[in-house]
Each structure stands twice: as structure tokens, then as C-alpha cells.
Amino acid sequence: MGEKREFAVPFQEQGGVATMDPGALTRRMTSRLVTRLFKPARMEKQRSAAEKKRISQRAPHRVEYFHQVEDGYSHMAAQVLQQLVARYDIELNCHLVEGPQGNNAPEPELLLKLSRYDAFHTASEYGLEFPEHQQAPDPALVRQASAILSVQDAAGFIHCAAVVGRTLWAGDKAAMQSLAATHGCASDEQTALKIANGSRRRTELKHYSGAMFYYGGEWYWGVDRLYHLEKRLAALGADRQPGQPMLAPRPDLAVGELRDNGALTLEVYASLRSPYTAIAFDRAVKLARDTGVKLAVRPVLPMVMRGVPATREKGMYIFMDAAREAREAGVAYGKFYDPIGEPTRRCYSLYPWAVEQGRGCELLSSFLRHAFAEGVNTNNDRGLRKVVKAAGLDWVEAQQHLGEPGWENFLEDNRLAMYEAGLWGVPSFRLLGESGEQVLALWGQDRLWLFAREIQRQLQKH
């Protein structure tokens, strides 16, 4: 007979009675998997294996791009395609795709609206263009733009994707007709098949979104993550202009020289189970303090704890991407112990008390650090005690507030305010003017640099 193996069933104490925690085993397994998969050494090993395979097959550096016509981020990406193939020794294959479907996009219309708003505010910072476009583009023009791109070969797509997109977003029907006459136009059936094939290919490669680049087993989102791809290609000797500035370098989080007197407010919508929050929270707090703007931290429940489902492919991409972004930002990250469920609730129950002690930011920061960088199990008292003490709070006093109700309504108010601003994911940020008017509202840890620049622009007006 084989060796008998025993394992401990996770328990938690409730009122002095040991009860089984049904989520603890899942948390532990998820934590070990994510920590192992996204270690820097393992990710480098995967890249090395992909390169060895490419060389053995005598294949080119083959990059695949997935374009969603009505998506603002895709139009930004389309504007760099010609530069990308000119700069790097790559074969670029382009696909048309539909937008994220099902549980990969619980708020598809909000996502498209945000893409237009976000692209408008970020494009010029990258030397690109995107017009202010509050309404969705004309569906007839979307269909015609898709039909034009559907009949292009790789070179044709790269050549005309940006001008087709520019015409779409300008709402210029006559110009679109002219492009169709010049470049050709597929039938509705041919266009639908092209989009279906592109979407199928994206699914095969385990992704779900538009404006995505794929190379050697790794995904890169639009212009914002192009610098990761550029650095990788350069390291492989595929850069035709080594030493020259990248096409889309990672924007610096520059605080600037001007200081506010408290007239501006930076709202930070944070979640204790968000990898992106974990790598951005301390930097957001520091930005507010370094610039003198008021800081308003508004925590919310994690999406999955609000009943918003998450797919495996989406979760895997987020954890991988967060690991890359953390390394670039010099933020400690990667030793993970999933705080979903009870650990998050327990910490949030302490938050109102921590705020009264003037240590609210410190509590959230400590929890995120312990869960995402130090691999501490925050579901038991031993782990939570470490979080509380590292935040400069008294554990004995904290125990008197552990599990207190009332925080749920506070977090729900924050969620509603976030949605009202056109945001729904975390971390999200809002910059408010002296009268409380919204100056800028964006989603993503990769938008802190834009808030830093906007703060300086607002201060220059005074």
C-alpha cells in the first residue's frame, strides 16, 4: 500500500470555537500557484524557452496584434504599428476581434466609454491623437471600418489601420467611403468571419481583450505595455536602432515643482484583494503628500466579493501583468497569500477605528504589503496581528473592534461614487478641484503619472 498522507484542514476561531473555514484551502492553493507562476526567475525561464523554440524552428520574431475597431485603446495602438515594424525586426500579424465577452467584461459598455475617455486624456502624452468622443461611434461606420480592415493583408492592415480609425472617430462618412474605394471592402459575411477567426485565435492564446499584442507566450496591452515588448525585443537583438528612445516608453511618475495648499483632492479607490492596488497604493499616497493635495482614500469591496465573476484567463493575465509592472516600478510584490473573503472583511472592520487613530492609510498599506509581497496568511489572528502592528496600531485594542459592523455601508457608498464617476474597477483615482468638481477620473495603477502631470497643470493655473 502507498504511504498514508495527512494534511491539516484549515480552521478559524469564532467565539472560542474552532470551525472549518471553507475558503481557506482555496486561498492557500491559489496563493501557492500564483506565487510560483509569476516569480521573476520563472518568467525569464519561460521567455528563454520561447526564444530557444523560435530559433530551433528558424522562425522570425512573430508578434500578433488584436484590434477591436470601436475601442479607443485599439485606435491608439493602431497609430504605432508602422513605427513598430520599422523599428524592430519582427513579423507583425494583425487580427480583428470582438470586444471582451461574458465574465471577462461584466460592464462592456462602461469599458468602451472609459476607453474613449481614457484615450482622449492619454493619447497626446504618448505623441498620439484621439478626439474627445463621449458618444459611441456610428455603428454603420464601425461596420464599414471593420469591412475595410477585413480585406487587408498584414502589410495593408499595418498601413491603413490608423487612417481608418481616424476617419471612424472623426465620423467622416465621405472619407470612409473613399477609403473603401481605395483599399477594398469585405461583405458583411466576410467581415463577421474575419472577426470570428481573430477572436478564436485570441481565445486559443488565452486572452479576451482588444488592443493586445502577443509575443512568445506573453501578452502586452496596447501602447501602455508596449515598452515591455520593446525591451524584450531589444534584449533579443531585434532592435534596428539600439540605444534610441523607445516608441512608447513608460511614463515617469514625476511629482513636479509646484505644491498645493490643499485646494485639490486626490481620491483613491482601493481594494484589499487587488494586485494593481497593491502595487499602486503607497505610490498614490506618496503622490498626494509630495504635492500637498488632500488625500481621500475610499476603499471598496473586491469585485469578486461584490458578485462580479472573474475568469481564469483574466485573473492569470492580471497577476502576470502586475508582477511585471511592480518590477518596473521597484515595488515589492510577488509573495502572495490570497486575502479574498474573510481576511478582507476582518481588515475592513478595523478600518474605521484605524482612521480615528490617524492610521487608516497605514492599515491598508500594511495589509496589502503582507498579502501581496510578504506572503502572510491574513486570515488568522497571527497574520492580522502582524498587519496591525506594522501599521503602528495596538493589537489588543484592535481586537475590541475586530468584526464590528458599519463598514459595509461606507464601502458601498464608495462603490456608488466610483460608478457615478464612470469607473468600476480598482485602483481608480479622481482629482477634484477646490469646489469639489471633477477634474480627472481614471482607472488603473498605470495612470498615476497622468494625475501627477494634471496636478501640476492645475497648480499652474493659480
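Each residue is numbered by its place in its chain's sequence as written, counting from 1. Under the rules for a predicted model, residues below a pLDDT of 70 receive no local features and side-chain atom pairs below 80 are neither given nor counted, while totals for whole chains, interfaces and linings still include all residues. Side-chain measures here rest on the full set of heavy atoms in the structure, leaving out hydrogens and waters.

Caption draft 1: Inspection of the sheet that holds strand S4 (residues 90–96) at higher detail. Taken in spatial order, the four strands make up an open sheet running S4-S3-S5-S6, and their pairing is mixed. Either end of the sheet is taken by a strand with one partner, and the two such strands are S4 and strand S6 (218–221). Going from strand to strand, the sheet's axes swing by 25° on average, the running direction of each strand aside. As paired elements, strand S3 (residues 61–67) and S4 share seven bridges and run parallel to each other. Counted as the bridge partner of His67 is Leu96 from S4. Helix-sheet contacts for helix H12 (residues 312–329) involve strand S5 (212–215) and S6, and the interaxial angle to S6 is about 75°. In this scheme, strands are said to pair when DSSP sees at least two bridges between them. Think of it this way: any DSSP run of H or I at least four residues long counts as a helix, any run of E at least two long counts as a strand, and we number them from the N terminus. Axis definition: a line fit to C-alpha positions, over the contact stretch in the case of helices; interaxial angles, taken between N-to-C directions, run 0 to 180 degrees. Whether two residues touch is decided by their heavy atoms; if any such pair falls within 4.5 Å, the residues are in contact.

Caption draft 2: Here's a closer look at the sheet that holds strand S9 (residues 428–432). Strand order in the open sheet formed by four strands is S8-S7-S9-S10, with mixed pairing between adjacent strands. The open sheet has two edge strands, strand S8 (294–299) and strand S10 (438–443), and neither has a second partner. Taking the axes of each pair of neighbouring strands and ignoring which way they run, one obtains an average angle of 15° across the sheet. Note that strand S7 (residues 265–270) and S8 share six bridges and pair parallel. The residue of S8 that forms the bridge with Ala270 is Pro299. Where helix H17 (residues 407–420) meets the sheet, its contacts fall on S7, S8 and S9, and the angle it forms with S8 comes to roughly 110°.

Caption draft 3: The arrangement of the packing of aromatic side chains in detail. Only centres within 6.5 Å qualify two rings of Phe, Tyr or Trp (six-membered ring in Trp) as a pair; their planes then separate them into stacked at under 30 degrees, edge-to-face at over 60, and tilted for everything else. Throughout the structure, instances matching the rule amount to 13 aromatic pairs. Seen in terms of ring centroids, Phe319 and Phe336 are 5.1 Å apart; in terms of plane orientation they differ by 55°. Their pairing is tilted. Of the two residues, Phe319 sits in helix H12 while Phe336 sits in the loop between H12 and helix H13 (342–356), which places them 17 residues apart along the sequence. Taken as a pair, Phe319 and Phe336 share a single burial class, namely buried. Members of the aromatic cluster, connected to one another through ring pairs, are Phe319, Tyr333, Phe336 and Phe372. Lysine NZ or arginine CZ positioned within 6 Å of the ring centre and within 35 degrees of the ring normal marks a charge as sitting over the ring. The ring of Tyr419 has Arg415 sitting right over it, with the charged end atom 5.1 Å from the ring centre. Only protein chains enter the accessibility calculation, which uses a 1.4 Å probe; a residue is then buried when its area is under 20% of its type maximum, exposed when over 50%, and partly exposed in between.

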